[in-house]
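Take a look at the letters that make up each chain.
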Amino acid sequence: MTGRRIVSIWLPRLAIERWWRMQERDLDAPPDDAPVVLAVDGPHGPVIHATARGAETSGARVGQRVVEARAAAPHLIVAWGDPSGDAALLDRLALWARRWGPHAAVDGDGLVLDTTGADHLFGGEAAMLADIEGRLANAGLSARLAVAPTRGAAWALSRFGPVRAVCHDPAACAPLPVAALRLSDDGARTLSRLGLKTVGALADIPRSALMRRFAKGREAEPLVQLDRLFGRLPEPVAPADAPDPARAVIRLSEPVQDPTPHLPDLTRALCAGLARRGEGARRLRLTLFRVDGEARWVDQRTARPTRDPDHMLRLFDGRLEGIDPDMGFDALLLEAEAERLDAAQPDLAGEVDQTEALAQLIDRLAARLRHVTRPVPRDSHVPERAQALVAALGDAPAVALDRPPRPPLLLETPEELRVLYAMPDGAPMRFRWRGQTLDVARFAGPERIAPEWWADRAGTRVRDYWRVEDARGRRFWIYREGLHGDKRGLRDEDGTWRDAPPRWWLQGISG
């Protein structure tokens with residue numbers, strides 16, 4: 001299953017609890033067991049919007065006309081509800097809930113949070129759910145919560161599962177009623193007429209039979225919600241203040257086996273929308289919808305924001321060949337995760353920015369080879385640690401170290417030298433390397449690099465680097481490892497270090 005962790009928070013009594021808190025603030029709250037209902041305007045008169053527990057014991061229910069409820073229970077206390085105020089409170093709670101995860105949004109009569117990778121900050125998922133419930137209780141709000149790998153499973157368990165359910169497999173939702181699929185009344189009635197009472201009963205039916213019965217349009221609701229619950233269809237958590245995603249869609253009048261001829265129009269439409277927003281794409285997702293209701297998608301990333309339709313098109317070259325079209329594709333969707341991209345133009349000489357050309361080359365290589373890396377600087381003075389290889393399209397923090405320039409060619413593994421003659425505590429005047437004897441004509445240095453105590457093992461010796469040039473003009477970057485009398489290099493059985501002669505190594509070549 002996916003590694004996502006989604007928390008669903010159901011606030012079934014938010015409206016009545018908010019009303020009660022406002023009454024307490026005004027010192028006008030009725031007794032706790034009072035049969036209070038909140039009403040809103042309906043098509044045929046006021047209807048019940050929320051109920052207190054005292055009213056529920058009298059038979060009042062949400063959606064019932066007030067006159068009918070009062071006919072059965074004349075002692076009901078009716079007050080006017082405030083749905084807009086309730087919605088505003090939910091919006092504020094969504095922002096407040098981001099303390100448990102960066103993405104939180106209103107979800108009907110509750111909240112949904114993406115807490116992937118954050119539960120360890122609160123002592124685990126069970127402790128995190130207890131913390132959320134406790135903080136809501138302190139605010140006067142009762143809640144039911146659940147965490148699961150998908151949004152649909154979390155929603156189902158928060159409303160129909162055990163208290164503070166922690167789910168790692170959506171299959172745990174099988175015993176729940178079909179209402180846990182977030183169906184409309186029509187969809188629930190359809191399943192009831194077919195004798196399907198639980199999520200598991202619906203999931204056990206062969207998919208081909210479900211496709212014939214729930215083909216398209218509104219009738220496809222049970223199948224779509226079932227796929228969302230089991231994670232076969234994506235359902236991201238989008239905060240209310242998140243920007244609208246940049247997207248372009250093409251709906252085809254007839255299914256096609258090969259969607260490639262339609263990609264140019266799709267990329268041009270997306271880039272036109274990005275240009276209006278002043279943005280460029282950093283991540284792309286091409287989704288292909290089949291006529292049988294299945295969807296397939298291809299993801300791509302870019303080294304820099306782009307809104308070049310031809311470049312986007314090349315990123316998908318050869319990426320659609322392994323996708324099974326079955327009976328064909330009838331819709332194409334291209335979405336972009338965008339960043340700001342200001343308009344640019346060639347310089348006065350007509351030259352194009354070479355960094356943009358390099359970024360596009362990296363994109364094309366990464367799209368075809370899949371494992372392209374690039375070197376990035378690291379915060380270390382030790383040459384072999386001063387850079388690392390990262391994914392070509394990955395982000396790396398900027399590192400600015402004030403250090404002398406390095407040779408253009410560094411050996412992957414330093415090669416040991418045999419020094420024939422050296423100045424005391426200075427550079428060698430003659431050394432042997434790869435079977436040849438070299439005489440040093442001039443040198444510069446030393447540059448001392450001390451061990452990094454947080455990374456090196458005990459006993460690591462100091463290095464002194466020299467730049468040397470031989471009689472033929474070849475330049476080398478060599479270093480002496482260790483100093484005379486530093487009591488490093490050899491370790492006795494009792495753990496004490498004893499002196500060892502320094503060793504010489506060649507690490508770089510300048511020309």
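Just so you know, these numbers come straight off a predicted model, no measurement behind them.

### Thoughts on the environment of Arg-21
Within the secondary structure layout, Arg-21 lies in helix H1 (residues 14-25). For the pair Arg-21 and Leu-141, spaced 120 residues apart in sequence, the C-alpha to C-alpha distance is 9.6 Å. For Arg-21, the residues in contact, after removing those within four places along its chain, are Leu-89 and Ala-139. From its side chain, Arg-21 meets the backbone oxygen of Ala-139 in a polar contact 3.0 Å long.

### What to know about the sheet that holds strand E16 (residues 428-433)
Spatial ordering of the closed barrel is given by E15-E16-E17-E18-E19-E22, a layout of six strands whose pairing is antiparallel. Neighbour-to-neighbour, the strand axes of the sheet open up by a mean angle of 45°, direction not taken into account. Judged from the four bridges that link them, strand E15 (residues 409-422) and E16 form a sheet pairing that is antiparallel. If you follow Arg-418 over to E16, its bridge partner there is Arg-432.

### Focus on the packing of aromatic side chains
For the structure on display, the rule yields nine aromatic pairs. Here the aromatic cluster, defined as three or more aromatic residues joined through ring pairs, consists of Phe-431, Trp-433 and Phe-476. Over the ring of Trp-100 we find Arg-99, and its NZ or CZ is 5.6 Å from the ring centre.

### Some points on helix H7 (residues 185-193)
Owing to its 3.6 residues per turn, the α-helix brings residues three or four apart onto one side. Every buried residue of H7 is accounted for by Gly-187, Thr-190 and Leu-191. The arc that holds the buried residues of H7, viewed along the axis, is 95°, so those residues lie on one side. Opposite the buried face of H7, by more than 90 degrees, sit the exposed residues Asp-185 and Arg-193. Where the residues of H7 are buried, they touch helix H8 (199-203), helix H9 (207-213) and helix H10 (221-229). Count one or two residues on from H7 and you reach Gly-195, which has phi positive near 80°.

### What about the nonpolar core?
With 28 residues, the main nonpolar core has Leu-157, Cys-173, Leu-176, Leu-181, Leu-191 and Leu-202 as its most contacted residues. Listed by contribution, the elements that provide at least two residues to this core are strand E7 (144-148), helix H6 (151-160), H8, H9 and H10. In terms of residue count, the dominant contributor to this core is H6 (four residues).

### Remarks on H6
In terms of burial, H6 is a largely internal element, nine of the 10 residues being buried. Three or more residues of H6 are buried, namely Arg-151, Gly-152, Ala-153, Ala-154, Trp-155, Ala-156, Leu-157, Ser-158 and Arg-159. Those residues of H6 hidden inside the fold are in contact with strand E1 (6-10), strand E5 (103-106), strand E6 (110-114), E7, strand E8 (165-166) and H10.

### A short note on empty space enclosed by the protein
Tallied over the entire structure, the rule returns one cavity of 30 Å³ or more. Roughly 30 Å³ of volume is contained in the largest cavity. Along its surface, the largest cavity is lined by Ser-58, Gly-59, Ala-60, Gln-64, Ala-69, Ala-72, Ala-73 and Leu-76. Looking at the lining of the largest cavity residue by residue, the class counts come to five nonpolar, three polar and no charged.

### Quick word on the side chain of Thr-51
Tracing the backbone through its elements, the reader meets Thr-51 in strand E3 (residues 45-51). Of the polar contacts made by the side chain of Thr-51, one reaches the side chain of Glu-56; its length is 2.9 Å. Not counting chain neighbours up to four residues away, the residues in contact with Thr-51 comprise Arg-13, Ile-16, Val-36, Val-37, Glu-56, Ala-60, Arg-61 and Val-62.

What counts as what
Residues numbered from 1 in each chain as written. Predicted model: local features only at pLDDT ≥ 70, side-chain atom pairs only at ≥ 80, totals over all residues. Heavy atoms only, no water. Helix = DSSP H or I, 4+ residues; strand = E, 2+ residues; numbered from the N terminus. Contact = heavy atoms within 4.5 Å. Polar contact = N/O pair within 3.5 Å; in protein donor to acceptor, adjacent residues only side chain to side chain. Pairing = 2+ DSSP bridges. Axes fitted to C-alpha atoms, helices over the stretch in contact; angles between N-to-C directions. Phe/Tyr/Trp six-rings, centres within 6.5 Å; stacked < 30°, edge-to-face > 60°. Lys NZ or Arg CZ within 6 Å of the ring centre and 35° of its normal. Buried < 20%, exposed > 50% of the residue type's maximum accessible area, 1.4 Å probe, protein only. Arc of directions from axis to C-beta. Core = buried A, V, L, I, M, F, W, Y, C linked by side-chain atoms within 4.5 Å. 1 Å grid on protein atoms, 1.4 Å probe; cavity = no way out; pocket = protein on both sides within 12 Å on 5 of 7 lines; lining within 4 Å. Points joined across faces, edges and corners; volume = space filled by probe spheres on them. Nonpolar A, V, L, I, M, F, W, Y, C, P; charged D, E, K, R; others polar.

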